[in-house]
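Observations on the model geometry
Chain residues, written in single-letter form:
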Amino acid sequence: LDENERVANRNITVERLITAAQRILSPYTLDVKEVAWWSVYEIGQRLTEKYDDVPEDQTETRLPRVFIAGDACHTHSPKAGQGMNVSMRDGFNLGWKLASVLRGECDPAILHTYSAERQGVAKQLIDFDREFAQMFSAPPKVTEDDDGVDPAQFQQYFQQHGRFTAGTATRYAPGLLIGGATHQHLATGFLIGTRFHSAPVVRLADGKPMHLGHVVKADGRWRLFAFADDRTVDAEGSRLRALCDLLATDPGSPLSGYTSEGSDPDRIVDLRAVIQQGHQSLSIEDVPAILRPRKGRYGLVDYQKVFCPDLKVGPDIFDLRGIDRAEGAMVLVRPDQHVAQVLPLDGVDELAGFLGAFMISH
């Protein structure tokens, strides 16, 4: 459709649709006996100005009370299932933030980030969809002089945007819940702002192969993945052990500072570690106690906190995700599985400062 044109202006009839269907199915035939219902789908690429009820000039003085998601704020063609995929991501983004505020874990100011983060994603989607829809609607180019789309170009475009249509290419910009890239070089495969990119690992306690991204649940908790330096965790000078000792004993520890009394120690921030050695080289009893926390009603030990590279099914996770082997790294992951920050193993103060900007101490 042309700008400001509606499909009704084309005077499309059911006979025209039947003729189009017969042409598309040629050399096969289609004989229409009766039409019970018909319609013409009209592509409308639209984006709302805000996903909540607070004007831009009032974000410092008002909290949002009304939110919209999905087709209420972005409409586009049905290509690639983006209406459903992006709408579910809208809901996930808003859901964990609402839950954190309602449970008294985070400052209500984080609710402003919903509109800021998701509107940018929808803008990217509509820009992509506009070009994609034009390619779908244009006839294939047979010769150089033909108007239309070169099938090879169409295929290349589809492949280039494969991760976007799969919903894994979203990258949030730095803000209250996304840190800067100062230490990105320590973990180049975990781009800050993008979805946490899983990789094969082996659980230290029982040698079970698994994917690191599959060991966490969508339960509203933050995840802190500590990738060890090149010293074994039981050796003197281990950066990972020094980190664990500090997180366990410091009164201002970001792990305990936001957890209410009587709750599991990993109720707000769930610490996991990935060491460089194979799972047969170390006993679970040799890792710091904070990686073997007692939890639940009966104080049972959680043995599912430490992992090793899985060298049988592919590259070492440290190589696959660009982890600095000498220094190691902390990778902080939000409840919606987007990487919030990459920090050095001795960057506890930076971690505390980042979380302290929006979390409520107990």
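Read on for an overview of the structure. (Residues numbered from 1 in each chain as written. Predicted model: local features only at pLDDT ≥ 70, side-chain atom pairs only at ≥ 80, totals over all residues. Heavy atoms only, no water.)

Take the overall build of the protein next. When you go through the protein residue by residue, the secondary structure sums to eight helices and eleven strands. The principal-axis extent of the C-alpha atoms belonging to the protein is close to 80 × 55 × 40 Å. A separation threshold of at least 6 residues defines the contact pool for the protein, and within that pool the share at least 24 residues apart is 66%. When the accessible area of the protein is evaluated, it comes to approximately 19,400 Å², of which 52% is carbon and sulfur surface. (Helix = DSSP H or I, 4+ residues; strand = E, 2+ residues; numbered from the N terminus. Contact = heavy atoms within 4.5 Å. Areas by Shrake-Rupley, 256 points an atom, 1.4 Å probe, with all protein chains shown as cover.)

Among all positions of helix α6 (residues 239-249), only Leu240, Leu243, Cys244 and Leu247 are buried. Buried residues of α6, seen end-on, are gathered within an arc of 95° and therefore sit on one face of the element. Among the structural elements, β5 (222-227), β6 (269-274), β10 (329-333) and α8 (348-356) are those in contact with the buried residues of α6. Two to three positions downstream of the cap, the backbone nitrogen of Leu240 sits 3.4 Å from a side-chain oxygen, assigning the N-cap of α6 to Ser238. (Buried < 20%, exposed > 50% of the residue type's maximum accessible area, 1.4 Å probe, protein only. Arc of directions from axis to C-beta. Polar contact = N/O pair within 3.5 Å; in protein donor to acceptor, adjacent residues only side chain to side chain.)

Below, the discussion takes up the sheet that holds strand β9 (residues 306-309). Pairing is mixed in the open sheet, where seven strands are placed in the order β4-β3-β9-β6-β5-β10-β11. Lying at the two open borders of the sheet, with one neighbouring strand each, are β4 (209-211) and β11 (339-343). Taking the axes of each pair of neighbouring strands and ignoring which way they run, one obtains an average angle of 30° across the sheet. Bridge analysis of strand β3 (residues 200-203) against β4 gives three bridges, and the strand direction is antiparallel. Bridge assignment links Val201 to a residue of β4, and that residue is Met210. (Pairing = 2+ DSSP bridges. Axes fitted to C-alpha atoms, helices over the stretch in contact; angles between N-to-C directions.)

Taken together, the side chains of Leu25, Tyr28, Leu30, Val32, Val35 and Trp38 present a nonpolar region at the surface, about 540 Å² in accessible area. Its location among the elements puts Leu25 in helix α1 (residues 14-25). (Patch = residues over 30% accessible without salt bridge, like charges linked within 9 Å, V, L, I, M, F, W, Y side chains within 5 Å. Salt bridge = Lys/Arg side-chain N within 4 Å of Asp/Glu carboxyl O.)

Turning next to the nonpolar core. In this structure, Trp222, Leu224, Leu240, Leu355 and Phe358 are the most contacted members of the largest nonpolar core, which totals 40 residues. If we skip the residues at most four places from it in the chain, Leu240 touches Ala226, Ala228, Asp229, Val233, Ala273, Ile275 and Leu345. Counting 26 residues, the second-largest nonpolar core is a separate cluster that includes Leu212, Val215, Phe227 and Ile317. (Core = buried A, V, L, I, M, F, W, Y, C linked by side-chain atoms within 4.5 Å.)

A separate point is the pairing of β9. Pairing between β3 and β9: three bridges, direction antiparallel. Residue pairing in the sheet places Val202 in a bridge with Cys308 of β9.

On to unusual backbone geometry, then. Ser26 connects to Pro27 through a cis peptide bond whose omega is 15°. When you line up the elements, Pro27 lands in the loop between α1 and β1 (46-47). With a phi close to 70°, Gln337 is a non-glycine residue in the positive phi region. Within the secondary structure, Gln337 sits in the loop between β10 and β11. Overall, the relative accessible area of 22% leaves Gln337 in the partly exposed class.

Looking down a regular strand, the side chains alternate between one sheet face and the other. In terms of burial, β5 is a largely internal element, six of the six residues being buried. Neither face of β5 is left uncovered, since the one carrying Trp222, Leu224 and Ala226 and the one carrying Arg223, Phe225 and Phe227 both have all their residues buried. Once you follow β5 into α6 and on to β6, the crossover reads as right-handed. Bridge analysis of β5 against β10 gives five bridges, and the strand direction is antiparallel. Along β10, the bridge assignment pairs Arg223 with Val333. (Right-handed = clockwise from strand over helix to strand, strands pointing away.)

Inspection of every chain in the model, using the stated rule, returns 25 salt bridges. Residue Asp52 pairs with Lys50 through a salt bridge whose shortest N-O separation is 2.7 Å. Across this residue pair, the class does not change: Asp52 and Lys50 are buried. The closest approach of N and O atoms between Asp266 and Arg221, which form a salt bridge, is 3.3 Å. Here Arg221 lies in the loop between β4 and β5 and Asp266 lies in the loop between α6 and β6, a separation of 45 residues in the sequence.

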